[in-house]
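# Residue-level structure breakdown
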Amino acid sequence: MVRTSARTRRTAATAIAALSLAGLAACSGGDAAVPGADKGEQDDLLAAAPVASSLPAGSTMEKIKQRGELIVGGSLDAPLLSQQNPATKKVEGLDADFGRLLAKYIIGKPNVKIVNSASETREALLSNGTVDVVLQTYSINPERAKQVAFAGPYYTSGLVIATKKDETGIKAPADLKGKTVIAGANTPAIPAIKKAAPDAKIITFGSDPECVQALKQGRGQAYVQDEAVLLATAKQDPSVRIQGRPFTSDPYGIGLKHGDTQMKRFVNDWLKQIQASGLWAKVWKNSIGTVAEGAAPQPPAIGSAPGSE
């Protein structure tokens, strides 16, 4: 999906902004600027998080532990997923919490460095070793799996249509026919729009904030994006409305360097542990669950998505 790591989105892969996180600091009191931010819940989450009993000699995991931090390709401005809290400077959300839990499993401490990455640069960041993993609502598909390895899937979302609040003529994918539709560059939204409405005019932007701004400016009549991203946008901005339910199923994977089967097996084993222990459901509840109704969904089966086998 389009990633909301926007400030450096259109720069080259080397122009990256890094944020070091040495564990979790307290969130400030008062109204949280990031949905779901809560120090007590995050502390409880980390206290219950498992740590690997041993790491294979010479493995990627051992090198990460020796370095003392997990380097994650991710976002700093994706609400509910991986967003920097302006008050505390900490990064909070579903992907951010999974990154900290994985870091603790490998290192024994939730030490993470987030490298602000873009849809267009994630594969390069993994292949050249700039990042250890990508945790950025990274949709698994067989084409991408030719370039990177995917652990998971760890979450399943889907594409939805967003419009301005007063839009009445767009309720379903078929209604995109003949419309100007906004999408994130290099995202699954583009082929999905072409399939639903072949004659739609698609305009793309490099980040979610840019896409939302274009929608509000009337540069397009609809914006197709992942539900997990748009839930927070619609919750915080009453001028944006989600029309209907997801019309695709998009499994998210943890991106790894292609060919590192040992690391993939290790991360999948960790995912199975946090699913079975209930930590997965707590991560969801602390993030997407703060705006979505109902109980936590059932986690997807590891290896169930084409490209993740």
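First, a word on scope: everything that follows refers to the structure included in this document. Given the structure is predicted, the values throughout are model-derived calculations rather than measurements.

### Here's the deal with the packing of aromatic side chains
Inspection of the entire model under this criterion finds seven aromatic pairs. For the pair Tyr138 and Phe150, a centre-to-centre distance of 5.0 Å together with 75 degrees between the ring planes defines the contact as edge-to-face. In this pair, Tyr138 is assigned in strand E7 (residues 133–139) and Phe150 in strand E8 (residues 148–157), connecting sequence segments 12 residues apart. The class for Tyr138 is buried, based on a relative accessible area of 0%. Following the ring pairs from residue to residue traces out a cluster consisting of Phe98, Tyr154, Tyr155, Tyr252, Trp270 and Trp280.

### A closer look at the nonpolar core
Counting 50 residues, the largest nonpolar core has Phe98, Ile106, Ile254 and Trp270 as its most contacted members. The element that contributes the greatest number of residues to this core is helix H3 (residues 94–107), accounting for nine residues. Excluding residues that lie within four positions of it along the chain, Ile106 makes contacts with Leu55, Met61, Ile64, Lys65, Leu70, Met263 and Phe266. Listed in part, the 14 residues of the second largest apolar core include Ile161, Leu176, Ala183 and Ile190.

### Here's the deal with the pattern of salt bridges
Within this structure, the stated rule accounts for five salt bridges. In this structure, the salt-bridge partner of Asp132 is Arg67, at a minimum N-O distance of 2.6 Å. One end of the pair, Asp132, is in the loop between helix H4 (122–127) and E7; the other, Arg67, is in helix H2 (residues 60–67), and 65 residues separate them in sequence. A residue is classified by how much of its surface remains accessible, and Asp132, at 11% relative accessible area, is buried. Arg67 sits in the partly exposed class, given a relative accessible area of 40%. We note a salt bridge from Arg100 to Asp97, for which the minimum N-O separation is 3.0 Å. Taken together, the positions of Arg100 and Asp97, both in helix H3 and three residues apart, correspond to about one turn of that helix.

### A few points about empty space enclosed by the protein
A complete count under the given rule lists four cavities of 30 Å³ or more for this structure. By volume, the largest cavity is sized at about 70 Å³. What lines the largest cavity is a set of 12 residues, among which Val72, Ser82, Asp95, Ala96 and Ile114 lie closest to the centre. When contributions to the lining of the largest cavity are tallied by element, the ones reaching two or more residues are strand E2 (70–74), H3 and strand E6 (111–116). If one sorts the elements of the lining of the largest cavity by residue count, H3 sits on top with four residues. Here the lining of the largest cavity is composed, by residue class, of six nonpolar, four polar and two charged.

Cut-off values and rules
- Residues numbered from 1 in each chain as written.
- Predicted model: local features only at pLDDT ≥ 70, side-chain atom pairs only at ≥ 80, totals over all residues.
- Heavy atoms only, no water.
- Phe/Tyr/Trp six-rings, centres within 6.5 Å; stacked < 30°, edge-to-face > 60°.
- Helix = DSSP H or I, 4+ residues; strand = E, 2+ residues; numbered from the N terminus.
- Buried < 20%, exposed > 50% of the residue type's maximum accessible area, 1.4 Å probe, protein only.
- Core = buried A, V, L, I, M, F, W, Y, C linked by side-chain atoms within 4.5 Å.
- Contact = heavy atoms within 4.5 Å.
- Salt bridge = Lys/Arg side-chain N within 4 Å of Asp/Glu carboxyl O.
- 1 Å grid on protein atoms, 1.4 Å probe; cavity = no way out; pocket = protein on both sides within 12 Å on 5 of 7 lines; lining within 4 Å.
- Points joined across faces, edges and corners; volume = space filled by probe spheres on them.
- Nonpolar A, V, L, I, M, F, W, Y, C, P; charged D, E, K, R; others polar.

From the geometry alone we can't say anything about function, so treat these as descriptive.
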